[in-house]
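Each chain is listed here by its residues.
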Amino acid sequence: MFFREAIARALREEMQHDERVLLLGQDVGSFGGSYKELVGLHRQFGSERVRNTPVAEAAMIGVGVGAAIAGLRPVVSITYMDFLMLGLDPLVNYAAKVRYKTAGQLHAPLVVKTTAGAKRQGVAHSQCIEAWLMGVPGLKVVAAGTPADAYGLLKAALREEGPVVFVDHKRLFPTAGDVPTGEHYTPIGRAAVRRRGSDVTIATHSYMTLIAVEAATRLAAEGISCEVVDLRSLLPLDLATVCDSAARTRALLTLEEGQPACGVGAELAFRAREQLDGLRIARVGALPAPVSSNPVLEAACIPDVERVMHAVRHLLIP
Amino acid sequence: MFFREAIARALREEMQHDERVLLLGQDVGSFGGSYKELVGLHRQFGSERVRNTPVAEAAMIGVGVGAAIAGLRPVVSITYMDFLMLGLDPLVNYAAKVRYKTAGQLHAPLVVKTTAGAKRQGVAHSQCIEAWLMGVPGLKVVAAGTPADAYGLLKAALREEGPVVFVDHKRLFPTAGDVPTGEHYTPIGRAAVRRRGSDVTIATHSYMTLIAVEAATRLAAEGISCEVVDLRSLLPLDLATVCDSAARTRALLTLEEGQPACGVGAELAFRAREQLDGLRIARVGALPAPVSSNPVLEAACIPDVERVMHAVRHLLIP
Amino acid sequence: MKPDAVELLRSMMLIRAFEAALMSRPDHGFQLLSAGEEAVAVGLCAALTADDQLLCSGRSIGPALARGLDPNLVMAELLGKSAGPCRGKAGRGHLSQPAAGFLGAHAVVGGNLSIAAGAALAMKLQRRPGIVACIFGDGACGAGALHETLNIAALWQLPLLLVCDNNQISVSTPRSEALAPQRLSDLAQPFGIPGATVDGMDVLAVRDAAQRFADRARSGSGPALLECVSWRFATHSTSTRDTRPAGEIEAIKARCPIKRLTAELEATGHLGRHACEQLQRDVDAAAAAALRFADAAPYPDVSEVLTDVY
Amino acid sequence: MKPDAVELLRSMMLIRAFEAALMSRPDHGFQLLSAGEEAVAVGLCAALTADDQLLCSGRSIGPALARGLDPNLVMAELLGKSAGPCRGKAGRGHLSQPAAGFLGAHAVVGGNLSIAAGAALAMKLQRRPGIVACIFGDGACGAGALHETLNIAALWQLPLLLVCDNNQISVSTPRSEALAPQRLSDLAQPFGIPGATVDGMDVLAVRDAAQRFADRARSGSGPALLECVSWRFATHSTSTRDTRPAGEIEAIKARCPIKRLTAELEATGHLGRHACEQLQRDVDAAAAAALRFADAAPYPDVSEVLTDVY
Ligand SMILES: Cc1ncc(C[n+]2csc(CCOP(=O)(O)OP(=O)(O)O)c2C)c(N)n1
Ligand SMILES: Cc1ncc(C[n+]2csc(CCOP(=O)(O)OP(=O)(O)O)c2C)c(N)n1
Ligand SMILES: [Mg+2]
Ligand SMILES: [Mg+2]
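Residues numbered from 1 in each chain as written. Chains lettered and ligands numbered in written order. Predicted model: local features only at pLDDT ≥ 70, side-chain atom pairs only at ≥ 80, totals over all residues. Heavy atoms only, no water.

With that settled, the discussion passes to the packing of helix H1 (residues 3-17) of chain A against helix H2 (residues 41-49) of chain A. Residue and element names in this part refer to chain A. Their axes nearest at 11 Å, the elements H1 and H2 cross at an angle of 55°. The orientation of H1 with respect to H2, classified from their angle, is oblique. Where H1 crosses over H2, the handedness of that crossing is left-handed. Within the contact between the two elements, H1 uses Ala8, Leu11, Arg12, Met15 and Gln16 and H2 uses Leu41, Gln44, Phe45 and Arg49. Among the residues forming the contact of H1 with H2, the class breakdown is five nonpolar, two polar and two charged. (Axes fitted to C-alpha atoms, helices over the stretch in contact; angles between N-to-C directions. Helix = DSSP H or I, 4+ residues; strand = E, 2+ residues; numbered from the N terminus. Parallel < 35°, antiparallel > 145°, perpendicular 65-115°, else oblique. Left-handed = near helix turned anticlockwise from the far one by under 90°. Contact = heavy atoms within 4.5 Å. Nonpolar A, V, L, I, M, F, W, Y, C, P; charged D, E, K, R; others polar.)

Below, the structure is given as structure tokens:
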């Protein structure tokens, strides 16, 4: 099953189970989403529950939160994560805080689904800002790297009591993978080991998981054994799985597509080192520049297999 | 001179020097700013150059950037850093990227002045999100801790070619300190050692510098000698000053008022450890919760002298 | 004149008395007062039923009390006590009691507009009988949130009543310096949303206009925008300086909505001087009781800093 | 009919030919085409002078060429080559050449509105003779950015001409599903800003309306909002599927602004068949030359990934 189909399936099942689930977003209707990840939902559930919205990210999230506190379970689709910036006020200043500020009188079971990452779309359609969200108490943040997790995490997100940001990735939609035919939920807060290895732990998420696995495969030919951990959940972080692995390998490489400064890797490194004394750590992320749509410059900016291999080799120099 | 007066003085001098400097913001006019930090500017420079705006943070920053690329040097005042969220799209998606995407045809000498931190104003008027900005290539980010730096950094920001976010703090405005009578500029990208010490380096910024110095004073009575580094510039970070200090003390405590996850401390720790093997590090930041206006809960959430002292003692346990 | 006018008067007087009592505790920090603007909240709430929900800006004391929240609980919340409906976590600016029809305050200017629309969407989709009302200031009319919300509310015909409490100032900025439109209710026009501007110092005018729009929304005919032109008596917050000349403030206070309704009721024989004094004693007593209640209540335990985050 | 109508025709034909040439290089990735909407950009640019600046949305090929940018450079930029004015860093969606009066494209829907207002503020404060024009789509009319910009532009009487290229669709979403207003130019009304709606397939109508508003802005009388009702011929981007039925697209293409002006010019004797064919050969040659130029140009060096960040 393709990643994009896994998303549609998760939404379809949850919308069947629960009348309160509805989908709001730009071009979520008969168009079926910018990456065909919503195909069929509009036909099945109609325009009441699958609603095209104006281009108004702030109000889209605001309306989503408002509907959530009043009893619905909205999924708001923000086509590009860059434009989540336009809706951070309702997400961060309201949704993430409403349970706290009302002392539990209200809660906001809202899922914001958004697409991160670079795929030749330029400076304002390529960013990965999930690290920002990791510093927002009250939010949960997940990022699937496989069709099975796209399915399982989205379903789990829709059963949460509070707001969840579900991050997918332009380059993942056309990837394929097994998804169990039976209904299942991927627990939020648990990482997954994608490949076993003994020399170094690569901790990553989303599309970069594929890059890490590819790098690991090629490094195996050099005699370097990489364990690849797909974080899946960024808030909360599954430190235990990362540390179990790193305790064995004694070396941790964090890999993210976004900016490394104050990024996912910086956080993971800090917390892993609190647990594991003397752990060797390096990080790989985008170069400190905007992501151009230019094929040469985009490729140079974001991490690729070569850079990961290089970083692993370098980390393992005694 | 009070911190708030240092801001007004910096703006006054730069507006006198350079006709292109203008000030845009809510209540920046005869009211003189929410913390009296702009008093006198409207009277001196008039409504053309000191412009009250509507409550429209997105457009305020957008207008600022637009004016900057077209030849002015605007200062946009965003009263509370929480509301910077409303203007992140023009700041991050445009201002920070315009030089890059035009290959240097355009640049945006814009200063966004905004006030961070908690002072009994509740969940949406207390946040410190400067760490988000540290992952935005193209931006510079400074945060003054003293009146002299408020003056010097703001003046330096106004001489930059690209966008600078100048972060001040509600609790700093009424603090006093020496400001040289002669005109001067604090170079962006250089930290300052506020107190010399030998056992531990406390790296911090903004209002937390005062907390760190107070903790250091009290720890001295216990025989613990703290060096306090005021980062002043968060992007770029002055790693050299922090590492010079930490190379001597062999222990680094990072202290910030905001959330530590993916925070300033996480970044600093990562980079300091790349330079200094085996450095002991701990971090102190807000608890993982929104900041309530409640006196008990606000005080519990954000770092105070006791928590810093406790963290230092704990870090120094062999 | 409708028979419930005395009730409206009492409600306005309670707000005024409550705020006076609150002001005797400056040690609890600043507050955003509703004095002068009582008629907007009270007139609007007279048109709401128990099925409805009300949201408002940080200037929330008037709306909360007008909506019928227990003054004791409101006072406790404002003073940060755990007896408040939000256990003192919300305090000023974020007060709420959804079970009492008060989704409540949000201190981000314009921030509650789209949230109110979302709540109205939920009401509509769940075929509940209620409507959603949202009070916001003139300041919020400069924010894009209003435009986005008007458009969505019109497209989806939401049961939403947007009420602009246009006190003609935002902190220190006069409305004329911040807003180009001559009448703020005109902002609804391009969207095909009905709008009206009424005298916000006249509680009966507010109530009648609100009733008309509320009935309309309730019957499924969609949103409306009601502008109530009011005057702020106090400074923006109790810790803010005023930039208005003292003489101007005196003139403003002369337009008091309470005095105005009192005079009308007395002139038409609906209220005697004695009954009026009794009302005053009642609300003063209620305010004093609220303060005693709040004073006696404890602050939340420090451990609550980490509860109800997720 | 003004004598420069043939120039307008040529400009529209150049855009069409340029895009046809560009389409022969799908290997360079998707593009946002202006086919069908040439009259909006060309009509507007006919009213601008060298002192003015133009901004636009990501659908920027028409605006760039209409503004007079060298097709060679534009093609190079779109194909990511370092001979482009932005050295291939901008590419589609972010094309600019400020020295040529084109502050340029910004691919955030609505994102250029307030930036255009800021540029207009700079023009005004520096007492420069120019005005700023900004083209945006109907989609951007759902965004709060328009409201905030209209308000500020009106308050400050900015020399700003806002031009909505209303092609009646946003990706797949028909304008009627996304926008409540009947006429988008009505959105200017509450702010006291003059607005007009013209046939965006009629380049002369666009030019005349733009000229009127541009003159007005130039004379210090402030901003205006011009809505041009147009039709998008192609899919949203060259990699997007179309949801419109094939028959509908055929009908749309029949309204071609180029055919229309050609017919008018021929009917009035301003253009012979021969001259028209010559025009076509000219623009085809220019487009082919642009493609050759761009193909021959190198990609930027990989080291440029870190240049011009600060
Ligand atoms: C988005 C945002 N920007 C700025 C502020 C700071 N602020 C708090 S109240 C206020 C004035 C708002 O004026 P108005 O909407 O007219 O309400 P009023 O205070 O008059 O009741 C401002 C600017 C805020 N809370 N939110
Ligand atoms: C803020 C924002 N949200 C979403 C998008 C994705 N997007 C790109 S173009 C587009 C359609 C915009 O429609 P319109 O403004 O009518 O312009 P058109 O494509 O018709 O020229 C959308 C939604 C974006 N670029 N920016
Ligand atoms: Mg007001
Ligand atoms: Mg369109």
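Okay, back to it.
Looking now at the packing of aromatic side chains. A full pass over the atoms with the stated rule returns seven aromatic pairs over all chains. Where B:Tyr35 meets B:Phe173, the ring centres are 4.8 Å apart and the plane angle is 15°; that geometry is what we call stacked. Of this pair, B:Tyr35 sits in the loop between strand E1 (21-25) and helix H2 (41-49) while B:Phe173 sits in the loop between strand E6 (164-169) and strand E7 (192-195), and the two are 138 residues apart along the sequence. A single burial state applies to B:Tyr35 and to B:Phe173, both of which are buried. Centroid distance B:Tyr80 to B:Phe83: 6.1 Å. Interplanar angle 85°. Geometry classified as edge-to-face. Classification of B:Phe83 as buried rests on a relative accessible area of 7%. Taken together, the ring pairs connect A:Phe3, A:Tyr35 and A:Phe173 into an aromatic cluster. The positively charged end of D:Lys81 is found above the aromatic ring belonging to D:Tyr299, 5.0 Å away from the centroid. For D:Arg212, the ring lying beneath its charged end belongs to D:Phe213, and the centroid distance is 5.0 Å. (Phe/Tyr/Trp six-rings, centres within 6.5 Å; stacked < 30°, edge-to-face > 60°. Buried < 20%, exposed > 50% of the residue type's maximum accessible area, 1.4 Å probe, protein only. Lys NZ or Arg CZ within 6 Å of the ring centre and 35° of its normal.)

We now examine the sheet that holds E7(B). Residues and elements named next belong to chain B. Judged by pairing direction, the sheet is mixed, and its five strands sit side by side in the order E7-E9-E8-E11-E12 without closing on themselves. Edge positions in the open sheet fall to E7 and strand E12 (280-284), since each of these has one partner strand only. In this sheet, neighbouring strand axes are inclined to one another by 25° on average, regardless of whether the strands run parallel or antiparallel. Across three bridges, the pairing between strand E8 (residues 200-204) and strand E11 (residues 251-255) is parallel. By the bridge assignment, Ile202 is partnered in E11 with Leu253. The strands touched by helix H8 (residues 208-220) are E7, E8, strand E9 (226-230) and E11; relative to E9, the strand with the most contacts, the crossing angle is about 170°. (Pairing = 2+ DSSP bridges.)

Turning next to the relation of the copies chain B and chain A. Superposition record for chain B on chain A: RMSD 0.0 Å, screw rotation 180°, translation along axis 0.0 Å. Viewed as a symmetry operation, the transformation between the two copies matches a two-fold axis. Taking C-alpha positions as reference, the residue of chain B nearest the rotation axis is B:Cys262, located at 2.3 Å. Comparing contact sets, 100% of the residues at the interface of chain B also lie at the interface in chain A, consistent with an isologous, same-surface contact. (Least-squares fit on C-alpha atoms with pLDDT ≥ 70 in both.)

Residues and elements named next belong to chain C. Note on the magnesium ion (ligand 3): its protein donors are Asp138 (OD), Asn167 (OD1) and Ile169 (O). The metal-donor distances range over 2.0 to 2.1 Å. Site description for the magnesium ion (ligand 3): donor spacing in sequence, D-x28-N-x1-I. On the criterion of sequence distance, the pair formed by Asp138 in the loop between strand E3 (132-137) and helix H6 (144-155) and Asn167 in the loop between strand E4 (160-166) and strand E5 (169-170) is long-range, its members being 29 residues apart. Comparing Asp138 with Asn167, the two get one shared label, buried. (Donors = N, O, S within 2.8 Å, 3.2 Å for Na, K, Ca; no water.)

Right, let's talk about the pattern of salt bridges for a bit. In the structure shown here, the tally under the stated rule is 76 salt bridges over all chains. A:Asp230 is the salt-bridge partner of A:Arg194, the closest N and O atoms lying 3.0 Å from each other. Highlighted residues: A:Arg194 in strand E7 (residues 192-195) and A:Asp230 in strand E9 (residues 226-230), separated in sequence by 36 residues. By relative accessible area, which is 31% here, A:Arg194 ends up partly exposed. Note that C:Glu7 is salt-bridged to C:Arg10, the shortest N-O span being 3.1 Å. (Salt bridge = Lys/Arg side-chain N within 4 Å of Asp/Glu carboxyl O.)

Attention now moves to the interface of chain B and chain A. Taken together, the contact between chain B and chain A spans 40 residues of the former and 40 residues of the latter. Of the roughly 3,500 Å² buried where chain B meets chain A, counting both sides, 70% is carbon and sulfur surface. At the boundary of chain B with chain A, the tally comes to two salt bridges. One salt bridge connects A:Arg283 with B:Glu267, and the closest N-O pair in it is separated by 2.8 Å. (Buried area = accessible area lost by both parts, 1.4 Å probe.)

Glancing now at helix H8 (residues 203-218) of chain C. All names here are of chain C. Its 16 residues place the ends of H8 21 Å apart at the C-alpha level, agreeing with the 22 Å of an ideal helix rising 1.5 Å per residue. Residues Val203, Leu204, Val206, Arg207, Ala209, Ala210, Phe213, Ala214 and Ala217 constitute the buried set of H8. The N-terminus of H8 is capped by Asp202, whose side-chain oxygen sits 3.1 Å from the backbone nitrogen of Leu204. Phi turns positive one or two residues past the end of H8, at Gly220, with a value near 90°. (Expected span 1.5 Å × (residues − 1). Polar contact = N/O pair within 3.5 Å; in protein donor to acceptor, adjacent residues only side chain to side chain.)

All names here are of chain A. Buried residues dominate strand E1 (residues 21-25), accounting for five of its five residues. Covered by surrounding structure in E1 are Val21, Leu23 and Gly25 together with Leu22 and Leu24, the residues of both alternating faces. When E1 meets strand E3 (residues 73-78), the two strands line up parallel, connected through five bridges. Note on E3: the bridge partner recorded for Leu24 is Val76. Inspection of the sheet shows E1 paired to strand E2 (residues 50-52) by three bridges, in the parallel sense. Directly across from Leu23, in E2, lies its bridge partner Val50.

As a further point, take the interface of chain B and chain C. Each side of the interface is counted separately: chain B has 28 residues, and chain C has 32 residues. By the criterion of area lost to chain C, the three top residues of chain B are B:Phe31, B:Val55 and B:Leu297, representing 25% of everything that side buries. Counting the contacts that link chain B with chain C gives zero salt bridges. For the pair chain B and chain C, the number of links is 11 residue pairs in polar contact (both at pLDDT 80 or more).

In terms of nonpolar packing, the biggest core is built from 339 residues, with A:Leu88, A:Leu91, B:Leu88, B:Leu91 and B:Leu253 touching the most fellow members. In contact with A:Leu91, other than residues within four places in its own chain, are A:Ile61, A:Leu84, A:Ala96, A:Leu110, A:Val112, A:Leu133, A:Leu139 and A:Val165. (Core = buried A, V, L, I, M, F, W, Y, C linked by side-chain atoms within 4.5 Å.)

Here we take up the sheet that holds E1(B). All names here are of chain B. Strands sit in the order E2-E1-E3-E4-E6-E5-E10 across an open sheet of seven strands; the sheet is mixed. Pairing within the sheet leaves two strands with one partner each, and these edge strands are strand E2 (50-52) and strand E10 (233-235). Geometrically, the sheet is characterised by an average inter-axis angle of 20° between neighbouring strands, direction not taken into account. As judged from the four bridges shared by strand E5 (residues 140-143) and E6, these two strands associate in the parallel manner. Note that in E6 the partner of Lys140 across the bridge is Val164. The sheet strands contacting helix H1 (residues 3-17) are E1, E2, strand E3 (73-80), strand E4 (111-116) and E6, and the helix crosses E1 at an angle near 135°.

Near ligand 2 lie 19 residues; those nearest to it are A:Glu57, D:Arg59, D:Asp138, D:Gly139 and D:Asn167. Around ligand 2, the neighbouring residues derive from chains A and D rather than from a single chain. One nitrogen or oxygen atom from the side chain of D:Asp138 is found 2.8 Å from an oxygen atom belonging to ligand 2. In the model, an oxygen atom of ligand 2 is placed 3.3 Å from a nitrogen or oxygen of the D:Ser170 side chain. The fraction of the free accessible surface of ligand 2 (580 Å²) that becomes covered by protein chains is 93%. (Near = heavy atom within 4 Å. Areas by Shrake-Rupley, 256 points an atom, 1.4 Å probe, with all protein chains shown as cover.)

Moving on, we come to the domain arrangement of chain A. All names here are of chain A. As far as domains go, chain A holds domain 1 (3-172) and domain 2 (192-315). Distance from the C-alpha centre of domain 1 to the C-alpha centre of domain 2: 26 Å. Opposite the 27 residues of domain 1 that make contact, domain 2 presents 26 residues. With both sides pooled, the region where domain 1 packs onto domain 2 buries about 2,100 Å², and carbon together with sulfur makes up 61% of that total. Run the count over domain 1 and domain 2 and you get three salt bridges. Note that Asp149 is salt-bridged to Arg232, the shortest N-O span being 2.9 Å. The interface formed by domain 1 and domain 2 holds 12 residue pairs in polar contact (both at pLDDT 80 or more) in total. Elements that contribute at least two residues to the side of domain 1 that touches domain 2 include exactly helix H6 (130-133), strand E5 (140-143) and helix H7 (147-157). The dominant element in the side of domain 1 that touches domain 2, judged by the number of residues it contributes, is E5, at four residues. Class assignment of the residues belonging to the side of domain 1 that touches domain 2 gives a composition of 14 nonpolar, seven polar and six charged. (Domains from an automatic or database assignment.)

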